[in-house]
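So you can see what is in the structure, the chains are spelled out below.
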Amino acid sequence: MENQYTNSVISKELQTENEYGINIQRYYNKGFTCATGSALTNPESITNGLDEAFGLFRQDSVEITRKRVQKFEADIAILNRQKAAKETELKNYESNLGAKERQKEEFIKEKDGLEKKSGITSSLAPLIVLGVSLSLLTLLVFSFYYYVGRATLIPMISGSLGIMQSVELLSVLFPFLALAYGVLIHLFLKPIKQNKSWTRFGYIIALIGVLAVAFWLDAVMGIEMSKQAHIKAFNLGQITTAWQNAMAWSDNHFYIVLILGFVSYLIWGIMLSNFLSHPNFNKPEEIKKLDKKIFNITEEIENIKSDINNVKNDIANIQKDITDKEKDLNNYKSGSSVYYNITFFNMIIGKFMDGYKSYVTGYYRRDEDDLSEDANAARIKAKDIIDKATKKQEEWTNLTIARLQQER
């Protein structure tokens with residue numbers, strides 16, 4: 001398992017360092033050549049070959065350093081772009097935070113204003129004017145529906161139901177029913193004003209339906225009033241033409257009823273909605289809404305602050321990477337630092353030893369079936385030479401690595 005792992009690391013490192021154009025094979029050749037000159041006589045002289053390989057390693061390290069300088073410069077350019085993007089993102093967050101905080105202050109100010117108001121004793125001149133106007137208009141609408149309803153719809157209803165004795169009661173109740181029906185205008189206008197898109201359309205349709213029914217009732221009463229006026233004039237001999245419903249559209253009575261009825265009723269409904277929607281009559285509800293808005297916007301502000309902190313941390317980390325890479329870059333550019341990769345060093349020394357061992361093994365190789373004393377002696381000799389060279393190589397490697405770590 002250890003050998004497999006080592007081979008995997010070396011293979012990966014080979015691939016990485018080859019990106020810098022390093023020829024790993026020449027270290028194998030250098031070990032093979034070293035063996036031809038010393039392996040058979042003095043295995044401990046392998047240090048001479050290792051010194052030559054180390055010289056190649058230094059040359060390669062300089063080249064790798066040059067390539068790394070280029071990569072550092074490219075990395076720093078990328079990091080600077082990332083930093084600029086994060087700084088732009090930070091400005092947007094800060095701008096959004098400022099807008100949200102101002103909005104929250106407005107909500108708080110609005111809530112404080114509502115809580116300080118004491119209702120009717122507050123400065124409510126516009127509301128008082130609206131209330132007086134609404135009261136007068138209510139009286140007008142009530143009187144109209146009492147008078148016109150008594151003259152038109154109530155007799156029709158009483159006659160069709162056979163309850164003529166209830167005419168007086170129905171005449172009094174009808175204006176109340178009409179005004180109560182008019183409250184629907186307020187109930188439908190309220191959600192429409194809140195602009196909830198998914199329900200707004202439905203309330204608009206409902207409001208149109210309410211107004212259509214109100215217009216129809218007023219039109220029926222207007223036609224009936226015109227009819228009664230026509231019949232009265234006909235009975236007095238002032239006109240000779242018999243009544244037809246289409247005549248209502250050219251009669252003033254019909255339009256007077258529509259103006260005093262439907263138009264006044266519509267204006268009354270809008271005024272009532274504005275009056276009942278006034279914050280002084282909806283303080284608990286309005287304060288509750290403001291509390292919810294303040295809560296939601298506070299959460300948004302906290303989320304934005306969290307995003308700002310995250311972006312600031314990102315900027316700080318990127319700046320740290322930039323500083324570290326600039327420091328390494330300056331060292332490499334000034335020549336005070338060379339990139340010595342210990343893993344690569346171990347790998348090329350291993351490659352050197354592979355060449356060395358390959359020559360020795362080949363020189364003393366015998367057929368596997370050859371069990372003679374000469375063959376056994378050759379195998380023992382090869383093993384002895386390799387063991388001595390390996391021991392010397394390990395001593396040399398340890399000393400060299402210690403020196404490299406001091407230089408780095």
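Residues numbered from 1 in each chain as written. Predicted model: local features only at pLDDT ≥ 70, side-chain atom pairs only at ≥ 80, totals over all residues. Heavy atoms only, no water.

Participant: Explain the overall build of the chain to me, please; I cannot follow it from the model alone.
Facilitator: Counting its regular elements, the chain contains 11 helices and 0 strands. Listing each helix as α and each strand as β along the chain from the N terminus yields α-α-α-α-α-α-α-α-α-α-α. By the burial criterion, 35% of the 408 residues in the chain qualify as buried. Partitioning the contacts of the chain with sequence separation of at least 6, the portion at a separation of at least 24 is 82%. Accessible surface, the chain as shown: approximately 24,700 Å² in total, 57% of it carbon and sulfur. (Helix = DSSP H or I, 4+ residues; strand = E, 2+ residues; numbered from the N terminus. Buried < 20%, exposed > 50% of the residue type's maximum accessible area, 1.4 Å probe, protein only. Contact = heavy atoms within 4.5 Å. Areas by Shrake-Rupley, 256 points an atom, 1.4 Å probe, with all protein chains shown as cover.)

Participant: Mind showing me how you'd approach the nonpolar core here?
Facilitator: It is characteristic of soluble globular proteins that their nonpolar side chains tend to be buried jointly. One finds Ile46, Phe57, Phe344, Phe345, Ile348, Tyr356 and Val360 to be the most contacted residues of the largest nonpolar core, which totals 32 residues. Looking at this core element by element, the count peaks at 11 residues for helix 10 (residues 342–363). (Core = buried A, V, L, I, M, F, W, Y, C linked by side-chain atoms within 4.5 Å.)

Participant: Help me out: how do you make sense of the pattern of salt bridges in this one?
Facilitator: Per the counting criterion, the structure on display carries 12 salt bridges. In this structure, Asp374 and Arg366 form a salt bridge, with 3.7 Å as the shortest nitrogen-oxygen distance. Residue Arg366 is classed as partly exposed on the basis of its relative accessible area of 30%. By sharing partners, the salt bridges in this structure join Lys71, Asp75 and Lys325 into a single network. (Salt bridge = Lys/Arg side-chain N within 4 Å of Asp/Glu carboxyl O.)

Participant: Explanation requested: the packing of aromatic side chains in the structure shown.
Facilitator: Any pair of aromatic rings gets described here by the distance separating the centres and the angle formed by the planes. The full count for this structure, using the stated rule, is 15 aromatic pairs. Their ring planes at 25 degrees and their centres at 6.0 Å tell us that Tyr359 and Tyr363 sit as a pair that is stacked. Of the two residues, Tyr359 and Tyr363 are both situated in helix 10; the distance of 4 residues between them amounts to about one turn of the helix. In this structure Tyr363 comes out as partly exposed when scored by relative accessible area, which is 45%. Taken together, the ring pairs in this structure connect Phe54, Phe57, Phe344, Phe345 and Trp396 into an aromatic cluster. (Phe/Tyr/Trp six-rings, centres within 6.5 Å; stacked < 30°, edge-to-face > 60°.)

Participant: Hey, could you run me through a negative patch on the surface in this one?
Facilitator: Taken together, Glu101, Glu105, Glu106 and Glu110 make up a surface patch of like negative charges. One can find Glu106 in helix 3 (residues 46–116). Judged by relative accessible area, Glu106 falls into the exposed class, the value being 54%. (Patch = residues over 30% accessible without salt bridge, like charges linked within 9 Å, V, L, I, M, F, W, Y side chains within 5 Å. Lys, Arg positive; Asp, Glu negative; His and termini not counted. Charge placed at Lys NZ, Arg CZ, Asp CG, Glu CD.)

Participant: What exactly am I supposed to notice about helix 10 here?
Facilitator: An α-helical segment advances 3.6 residues per turn. Residues three or four places apart therefore align on the same side. Over its 22 residues, helix 10 extends 32 Å from the first C-alpha to the last, a length consistent with the 32 Å expected when each residue adds 1.5 Å. Those residues of helix 10 that fall on the buried side of the exposure criterion are Ile342, Phe344, Phe345, Met347, Ile348, Ile349, Phe352, Met353, Gly355, Tyr356, Tyr359 and Val360. (Expected span 1.5 Å × (residues − 1).)

Participant: Looking at this structure, I do not really get the confidence of the model for the chain. What am I missing?
Facilitator: The predicted structure's coordinates, where accompanied by low pLDDT, should not be read in detail. The predicted model of the chain has a mean per-residue pLDDT of 78, with 82% of residues at 70 or higher. Across the chain, helix 10 holds the top mean pLDDT of 87, while helix 1 (residues 2–18) sits lowest at 38. When the criterion is pLDDT under 50, residues 1–18 qualifies, and its contacts beyond four places in sequence or with other chains add up to 14 contacts. (pLDDT = per-residue confidence, 0-100.)

Participant: I would appreciate a short explanation of the side chain of Thr400 in the present structure.
Facilitator: Turning to its location among the elements, Thr400 is positioned in helix 11 (residues 373–407). On the basis of relative accessibility, which here comes to 1%, the residue Thr400 falls in the buried class. Looking at Thr400, its side chain comes within polar contact range of the main-chain oxygen of Trp396, at 2.8 Å. When sequence neighbours within four positions are dropped, the list of residues in contact with Thr400 reads Phe54 and Phe345. (Polar contact = N/O pair within 3.5 Å; in protein donor to acceptor, adjacent residues only side chain to side chain.)

Participant: Sorry, what's going on with helix 8 (residues 252–276) here?
Facilitator: For helix 8, spanning 25 residues, the distance from its first C-alpha to its last is 35 Å, which sits close to the expected 36 Å at 1.5 Å a residue. Of all the bends found along helix 8, the most pronounced is centred on Leu258 and spans about 30 degrees. (Bend = angle between axes of the 7 residues up to and from the residue.)

Participant: Explanation requested: the environment of Lys357 in the structure shown.
Facilitator: In this structure, Lys357 sits in helix 10. Non-local contacts of Lys357, meaning those with residues more than four positions away in its chain, are made with Ile386 and Thr390.

Participant: Would you take a moment to explain the side chain of Asp251 for this structure?
Facilitator: The residue Asp251 is located in the loop between helix 7 (197–235) and helix 8 in this model. Lys232 provides the closest opposite charge to the buried, salt-bridge-free Asp251, at an N-O distance of 13 Å.

Participant: Mind showing me how you'd approach a nonpolar patch on the surface here?
Facilitator: A grouping of Leu140, Trp249, Tyr255, Ile256, Ile259, Leu260, Val263 and Ile267 is seen on the molecular surface, where their side chains present a nonpolar patch of about 710 Å² in accessible area. Here the nonpolar patch takes 6 residues from helix 8, the largest share from any one element. Looking at the secondary structure, you find Ile267 in helix 8.

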